[in-house]
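Structural characterization, general
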Amino acid sequence: MRDVAASLREAGLDPDAVAALADAALDEDLAGGEDVTSAATIPDDAMAVADVVPRAAGVVAGLDVAAMVFLRAASKPLSIEAHVADGETVAPGSPLLTVSGSARDLLLAERTALNLLGHLCGVATLTRAWVDAVAGTGARIRDTRKTTPLLRALEKYAVRCGGGVNHRMSLSDAALVKDNHAHAAGGVVEAYRRVVAERPGIEVQVEADSLEDAVAAVDAGATSVLLDNFSTGDLRRAARSLASRATLEASGGLSLDSAGAVAATGVHYLAVGALTHSAPVLDIGLDFS
(Lines give C-alpha, C1' and ligand atoms only; values in the text may rest on other atoms or scores of the structure.)
Protein backbone atom coordinates (compact mmCIF):
# COMPACT_ATOMS: atom_id res chain seq x y z
CA MET A 1 0.00 0.00 0.00
CA ARG A 2 1.42 3.38 -1.01
CA ASP A 3 2.08 5.76 1.91
CA VAL A 4 0.50 8.75 0.25
CA ALA A 5 0.98 11.22 3.12
CA ALA A 6 4.69 10.42 3.41
CA SER A 7 5.18 10.72 -0.35
CA LEU A 8 3.45 14.10 -0.40
CA ARG A 9 5.69 15.38 2.40
CA GLU A 10 8.78 14.19 0.52
CA ALA A 11 7.54 16.18 -2.48
CA GLY A 12 7.25 19.34 -0.38
CA LEU A 13 3.45 19.24 -0.26
CA ASP A 14 1.22 19.39 2.82
CA PRO A 15 -0.81 16.14 3.08
CA ASP A 16 -3.51 17.86 5.16
CA ALA A 17 -3.92 20.59 2.55
CA VAL A 18 -4.12 18.03 -0.26
CA ALA A 19 -6.69 16.02 1.72
CA ALA A 20 -8.77 19.15 2.30
CA LEU A 21 -8.64 19.96 -1.42
CA ALA A 22 -9.68 16.41 -2.29
CA ASP A 23 -12.61 16.60 0.15
CA ALA A 24 -13.78 19.93 -1.26
CA ALA A 25 -13.54 18.69 -4.85
CA LEU A 26 -15.42 15.48 -4.04
CA ASP A 27 -18.10 17.46 -2.23
CA GLU A 28 -18.46 19.68 -5.27
CA ASP A 29 -18.99 16.65 -7.49
CA LEU A 30 -21.59 15.10 -5.17
CA ALA A 31 -23.37 18.39 -4.44
CA GLY A 32 -24.80 17.01 -1.22
CA GLY A 33 -26.20 13.89 -2.84
CA GLU A 34 -24.83 10.57 -4.05
CA ASP A 35 -23.52 9.01 -7.24
CA VAL A 36 -26.96 8.01 -8.45
CA THR A 37 -25.74 6.08 -11.50
CA SER A 38 -23.36 3.84 -9.56
CA ALA A 39 -25.88 3.37 -6.76
CA ALA A 40 -28.41 2.11 -9.29
CA THR A 41 -26.14 -0.15 -11.33
CA ILE A 42 -23.40 -1.47 -9.03
CA PRO A 43 -23.97 -3.66 -5.93
CA ASP A 44 -22.67 -2.08 -2.75
CA ASP A 45 -20.31 -5.02 -2.13
CA ALA A 46 -18.86 -5.13 -5.66
CA MET A 47 -15.06 -4.83 -5.77
CA ALA A 48 -12.92 -3.73 -8.72
CA VAL A 49 -9.38 -3.18 -9.91
CA ALA A 50 -8.72 -0.17 -12.14
CA ASP A 51 -5.70 1.26 -13.93
CA VAL A 52 -5.09 4.99 -14.34
CA VAL A 53 -3.81 5.22 -17.91
CA PRO A 54 -2.56 8.13 -20.07
CA ARG A 55 -4.02 8.38 -23.56
CA ALA A 56 -1.09 10.51 -24.74
CA ALA A 57 2.63 10.77 -23.98
CA GLY A 58 3.63 13.21 -21.26
CA VAL A 59 5.44 13.95 -18.03
CA VAL A 60 3.90 12.64 -14.82
CA ALA A 61 3.01 14.90 -11.89
CA GLY A 62 0.46 14.49 -9.13
CA LEU A 63 0.23 10.75 -8.61
CA ASP A 64 -0.12 11.18 -4.85
CA VAL A 65 -2.69 13.93 -5.33
CA ALA A 66 -4.83 11.51 -7.34
CA ALA A 67 -4.16 8.78 -4.79
CA MET A 68 -5.35 11.07 -2.00
CA VAL A 69 -8.64 11.61 -3.85
CA PHE A 70 -9.22 7.86 -4.07
CA LEU A 71 -8.39 7.47 -0.38
CA ARG A 72 -10.72 10.27 0.71
CA ALA A 73 -13.56 8.80 -1.36
CA ALA A 74 -13.09 5.30 0.00
CA SER A 75 -15.80 3.83 2.23
CA LYS A 76 -14.04 0.44 2.27
CA PRO A 77 -10.36 -0.65 2.33
CA LEU A 78 -8.47 0.54 -0.73
CA SER A 79 -5.11 -0.45 -2.24
CA ILE A 80 -3.02 1.81 -4.48
CA GLU A 81 0.06 0.76 -6.46
CA ALA A 82 2.20 3.22 -8.44
CA HIS A 83 3.96 1.99 -11.58
CA VAL A 84 5.93 5.17 -12.31
CA ALA A 85 7.17 8.21 -10.40
CA ASP A 86 6.42 11.90 -10.78
CA GLY A 87 8.84 13.47 -13.22
CA GLU A 88 9.00 10.45 -15.52
CA THR A 89 8.00 10.59 -19.16
CA VAL A 90 5.35 7.99 -20.04
CA ALA A 91 3.93 6.56 -23.24
CA PRO A 92 0.24 6.26 -24.07
CA GLY A 93 -1.35 3.18 -22.51
CA SER A 94 1.31 2.68 -19.85
CA PRO A 95 -0.46 2.45 -16.43
CA LEU A 96 0.40 5.11 -13.89
CA LEU A 97 -1.53 3.74 -10.91
CA THR A 98 -3.52 0.62 -10.11
CA VAL A 99 -6.31 1.12 -7.60
CA SER A 100 -8.19 -1.79 -5.98
CA GLY A 101 -11.29 -1.39 -3.84
CA SER A 102 -15.01 -0.82 -3.88
CA ALA A 103 -16.25 -0.32 -7.44
CA ARG A 104 -18.57 2.44 -6.28
CA ASP A 105 -15.73 4.20 -4.47
CA LEU A 106 -13.47 4.08 -7.54
CA LEU A 107 -16.14 5.59 -9.75
CA LEU A 108 -16.97 8.23 -7.18
CA ALA A 109 -13.34 9.38 -7.14
CA GLU A 110 -12.63 8.89 -10.85
CA ARG A 111 -13.41 12.30 -12.35
CA THR A 112 -12.00 14.37 -9.49
CA ALA A 113 -8.78 12.35 -9.43
CA LEU A 114 -8.36 12.51 -13.21
CA ASN A 115 -9.16 16.22 -13.38
CA LEU A 116 -6.38 17.03 -10.93
CA LEU A 117 -3.90 14.50 -12.30
CA GLY A 118 -4.48 15.46 -15.94
CA HIS A 119 -3.99 19.14 -15.14
CA LEU A 120 -0.79 18.60 -13.17
CA CYS A 121 0.64 16.25 -15.80
CA GLY A 122 -0.21 18.90 -18.39
CA VAL A 123 1.74 21.53 -16.47
CA ALA A 124 4.72 19.18 -16.12
CA THR A 125 4.60 18.21 -19.79
CA LEU A 126 4.51 21.81 -21.00
CA THR A 127 7.32 22.74 -18.59
CA ARG A 128 9.48 19.92 -19.97
CA ALA A 129 8.95 21.26 -23.50
CA TRP A 130 10.25 24.67 -22.40
CA VAL A 131 13.17 23.11 -20.54
CA ASP A 132 14.10 21.12 -23.64
CA ALA A 133 13.84 24.28 -25.76
CA VAL A 134 16.59 26.03 -23.74
CA ALA A 135 18.79 22.98 -23.21
CA GLY A 136 22.49 23.74 -23.47
CA THR A 137 22.17 27.48 -22.90
CA GLY A 138 22.54 27.53 -19.12
CA ALA A 139 19.24 29.36 -18.71
CA ARG A 140 16.45 27.88 -16.61
CA ILE A 141 12.68 28.00 -16.92
CA ARG A 142 10.87 29.64 -14.01
CA ASP A 143 7.17 29.92 -13.21
CA THR A 144 5.13 32.90 -12.00
CA ARG A 145 2.17 33.61 -9.70
CA LYS A 146 -0.24 33.19 -12.64
CA THR A 147 -1.65 30.07 -11.05
CA THR A 148 -5.15 28.67 -10.54
CA PRO A 149 -6.55 29.95 -7.23
CA LEU A 150 -6.01 27.40 -4.44
CA LEU A 151 -3.87 25.16 -6.69
CA ARG A 152 -0.61 27.12 -6.53
CA ALA A 153 1.38 24.65 -4.45
CA LEU A 154 0.32 21.76 -6.68
CA GLU A 155 0.95 23.61 -9.95
CA LYS A 156 4.36 24.80 -8.83
CA TYR A 157 5.16 21.23 -7.78
CA ALA A 158 4.21 20.11 -11.30
CA VAL A 159 6.60 22.73 -12.71
CA ARG A 160 9.38 21.14 -10.66
CA CYS A 161 8.41 17.71 -11.98
CA GLY A 162 8.84 19.07 -15.51
CA GLY A 163 12.34 20.36 -14.75
CA GLY A 164 11.46 24.00 -14.14
CA VAL A 165 12.13 26.04 -11.03
CA ASN A 166 9.82 28.08 -8.86
CA HIS A 167 9.70 31.83 -8.43
CA ARG A 168 8.18 33.14 -5.20
CA MET A 169 5.32 31.14 -3.75
CA SER A 170 3.45 34.10 -2.31
CA LEU A 171 3.45 37.87 -1.94
CA SER A 172 5.11 37.56 1.46
CA ASP A 173 8.18 35.41 0.85
CA ALA A 174 9.94 37.73 -1.63
CA ALA A 175 9.49 41.20 -3.10
CA LEU A 176 8.96 41.97 -6.77
CA VAL A 177 9.01 45.68 -7.62
CA LYS A 178 6.81 46.03 -10.69
CA ASP A 179 5.87 49.02 -12.84
CA ASN A 180 2.92 50.02 -10.65
CA HIS A 181 5.09 50.01 -7.54
CA ALA A 182 7.68 52.12 -9.32
CA HIS A 183 5.00 54.54 -10.51
CA ALA A 184 3.57 54.91 -7.01
CA ALA A 185 6.99 55.33 -5.41
CA GLY A 186 8.40 57.76 -7.95
CA GLY A 187 10.69 55.45 -9.90
CA VAL A 188 12.30 52.03 -10.00
CA VAL A 189 15.25 52.96 -7.81
CA GLU A 190 13.13 54.72 -5.20
CA ALA A 191 10.74 51.75 -5.03
CA TYR A 192 13.67 49.35 -4.61
CA ARG A 193 15.19 51.46 -1.85
CA ARG A 194 11.89 51.62 0.03
CA VAL A 195 11.53 47.84 -0.01
CA VAL A 196 15.09 47.35 1.23
CA ALA A 197 14.55 49.91 3.99
CA GLU A 198 11.21 48.47 5.10
CA ARG A 199 12.08 44.78 4.75
CA PRO A 200 15.84 44.35 5.26
CA GLY A 201 17.07 40.89 4.35
CA ILE A 202 14.17 39.96 2.08
CA GLU A 203 14.91 38.84 -1.48
CA VAL A 204 14.06 41.63 -3.91
CA GLN A 205 13.62 41.47 -7.67
CA VAL A 206 13.13 44.64 -9.70
CA GLU A 207 11.20 44.75 -12.96
CA ALA A 208 12.79 46.95 -15.63
CA ASP A 209 11.14 48.12 -18.83
CA SER A 210 14.37 49.50 -20.31
CA LEU A 211 18.08 48.87 -20.18
CA GLU A 212 18.52 52.21 -18.44
CA ASP A 213 16.18 51.18 -15.62
CA ALA A 214 17.93 47.83 -15.31
CA VAL A 215 21.35 49.46 -14.98
CA ALA A 216 20.02 52.01 -12.50
CA ALA A 217 18.49 49.27 -10.34
CA VAL A 218 21.70 47.24 -10.28
CA ASP A 219 23.78 50.36 -9.56
CA ALA A 220 21.43 50.96 -6.60
CA GLY A 221 22.17 47.48 -5.25
CA ALA A 222 19.56 45.24 -6.86
CA THR A 223 20.86 41.71 -7.39
CA SER A 224 17.89 40.38 -9.38
CA VAL A 225 16.26 42.11 -12.36
CA LEU A 226 13.24 41.10 -14.43
CA LEU A 227 13.75 42.32 -18.00
CA ASP A 228 10.21 42.88 -19.22
CA ASN A 229 9.39 42.80 -22.95
CA PHE A 230 13.01 43.33 -24.02
CA SER A 231 14.01 42.51 -27.58
CA THR A 232 16.64 39.79 -27.94
CA GLY A 233 19.15 42.50 -28.84
CA ASP A 234 18.42 44.44 -25.66
CA LEU A 235 18.52 41.22 -23.63
CA ARG A 236 21.95 40.52 -25.05
CA ARG A 237 23.16 44.03 -24.22
CA ALA A 238 21.73 43.74 -20.70
CA ALA A 239 23.47 40.40 -20.18
CA ARG A 240 26.81 41.79 -21.36
CA SER A 241 26.50 44.71 -18.94
CA LEU A 242 24.83 43.13 -15.92
CA ALA A 243 24.95 39.31 -15.90
CA SER A 244 28.06 39.26 -13.72
CA ARG A 245 26.46 41.62 -11.18
CA ALA A 246 22.85 40.46 -10.99
CA THR A 247 20.52 37.58 -11.83
CA LEU A 248 18.65 38.42 -15.02
CA GLU A 249 15.24 37.04 -15.96
CA ALA A 250 13.53 37.56 -19.31
CA SER A 251 9.76 38.10 -19.22
CA GLY A 252 6.92 39.04 -21.55
CA GLY A 253 6.09 37.89 -25.06
CA LEU A 254 8.03 34.64 -24.79
CA SER A 255 7.11 31.57 -26.81
CA LEU A 256 8.45 28.06 -27.27
CA ASP A 257 9.67 29.03 -30.72
CA SER A 258 11.70 31.95 -29.38
CA ALA A 259 12.80 30.36 -26.10
CA GLY A 260 16.15 29.11 -27.39
CA ALA A 261 17.10 32.47 -28.87
CA VAL A 262 16.09 34.31 -25.69
CA ALA A 263 18.03 31.88 -23.50
CA ALA A 264 21.10 32.27 -25.73
CA THR A 265 21.30 36.00 -24.93
CA GLY A 266 22.90 35.21 -21.57
CA VAL A 267 19.95 35.68 -19.20
CA HIS A 268 19.73 33.30 -16.26
CA TYR A 269 15.97 32.63 -16.30
CA LEU A 270 12.95 32.80 -18.55
CA ALA A 271 9.73 33.68 -16.69
CA VAL A 272 6.89 31.70 -18.25
CA GLY A 273 3.38 32.28 -16.91
CA ALA A 274 1.98 29.90 -19.55
CA LEU A 275 3.36 26.92 -17.64
CA THR A 276 0.50 27.20 -15.19
CA HIS A 277 -2.14 29.37 -16.86
CA SER A 278 -2.20 27.79 -20.31
CA ALA A 279 -1.02 24.19 -20.02
CA PRO A 280 -3.19 21.71 -21.97
CA VAL A 281 -4.56 18.88 -19.84
CA LEU A 282 -2.93 15.51 -20.42
CA ASP A 283 -5.67 13.06 -21.40
CA ILE A 284 -5.83 10.32 -18.74
CA GLY A 285 -8.48 7.66 -18.22
CA LEU A 286 -9.53 5.07 -15.65
CA ASP A 287 -9.86 1.53 -17.04
CA PHE A 288 -11.44 -1.28 -15.04
CA SER A 289 -9.52 -4.54 -15.33
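Residues numbered from 1 in each chain as written. Predicted model: local features only at pLDDT ≥ 70, side-chain atom pairs only at ≥ 80, totals over all residues. Heavy atoms only, no water.

**Concerning the overall build of the protein**
The helix and strand tally for the protein stands at 12 helices and 12 strands. Along the three orthogonal principal directions, the C-alpha set of the protein runs to about 70 × 40 × 30 Å. The 289 residues of the protein split such that 47% are buried. The contacts of the protein with a sequence gap of at least 6 include a subset with a gap of at least 24, amounting to 71%. When the accessible surface of the protein is summed, it comes to about 13,100 Å², and 51% of that surface belongs to carbon and sulfur atoms. Seen as two clouds, the 24 positive and the 38 negative side-chain charges of the protein have centres 8 Å apart. (Helix = DSSP H or I, 4+ residues; strand = E, 2+ residues; numbered from the N terminus. Buried < 20%, exposed > 50% of the residue type's maximum accessible area, 1.4 Å probe, protein only. Contact = heavy atoms within 4.5 Å. Areas by Shrake-Rupley, 256 points an atom, 1.4 Å probe, with all protein chains shown as cover. Lys, Arg positive; Asp, Glu negative; His and termini not counted. Charge placed at Lys NZ, Arg CZ, Asp CG, Glu CD.)

**Some remarks on the side chain of threonine 147**
On the secondary structure map, threonine 147 appears in the loop between strand S6 (140–142) and helix H6 (152–161). Relative accessible area serves as the criterion here: at 14%, threonine 147 is assigned to the buried category. Within the structure, threonine 147 has its side chain in polar contact with the side chain of arginine 152 (distance 3.0 Å). Beyond its immediate chain neighbours, meaning those up to four positions away, threonine 147 contacts Arg152, Glu155 and Thr276. (Polar contact = N/O pair within 3.5 Å; in protein donor to acceptor, adjacent residues only side chain to side chain.)

**Thoughts on the pairing of strand S1 (residues 47–54)**
Within a regular strand, side chains alternate between the sheet's two faces. The buried fraction of S1 amounts to 6 of the 8 residues, a majority that puts the element mostly inside the structure. Examined bridge by bridge, S1 and strand S5 (residues 97–102) share 6 bridges and lie antiparallel to one another. The partner of alanine 48 across the bridge, within S5, is glycine 101. The pairing of S1 with strand S12 (residues 284–288) spans 5 bridges and is classified as antiparallel. Within the sheet, the bridge partner assigned to alanine 50 lies in S12 and is phenylalanine 288. (Pairing = 2+ DSSP bridges.)

**Details of the nonpolar core**
If you look at the biggest cluster of nonpolar residues, it comprises 78 residues, and the most contacted ones within it are Val52, Phe70, Leu96, Leu227 and Leu270. Examining the composition of this core, we find that 14 residues originate from one element, helix H5 (residues 103–133), more than from any other. Excluding anything up to four places from it in sequence, leucine 270 contacts Trp130, Val134, Ala139, Arg140, Ile141, Arg142, Glu249, Ala250, Leu254, Ala259, Val262 and Ala263. Core analysis: the next-biggest nonpolar cluster, separate from the first, contains 11 residues, Ala175, Val177, Ala191 and Ala222 among them. (Core = buried A, V, L, I, M, F, W, Y, C linked by side-chain atoms within 4.5 Å.)

**Observations concerning the environment of leucine 13**
Relative to the assigned elements, leucine 13 resides in the loop between helix H1 (4–10) and helix H2 (15–30). The buried category is assigned to leucine 13, whose relative accessible area is 7%. Separated by 52 residues in the primary sequence, leucine 13 and valine 65 place their C-alpha atoms 9.6 Å from one another. Ignoring any residue separated from it by four or fewer positions in sequence, one finds leucine 13 in contact with Leu8, Ala153, Leu154 and Tyr157.

**Quick notes on helix H11 (residues 256–263)**
Considered for burial, the residues of H11 that qualify are Ala259, Val262 and Ala263. Viewed end-on, H11 has its buried residues packed into an arc of 85°, placing them on one side of the element. Where H11 is buried, its residues touch H5, helix H10 (232–242), strand S10 (247–251) and strand S11 (269–271). (Arc of directions from axis to C-beta.)

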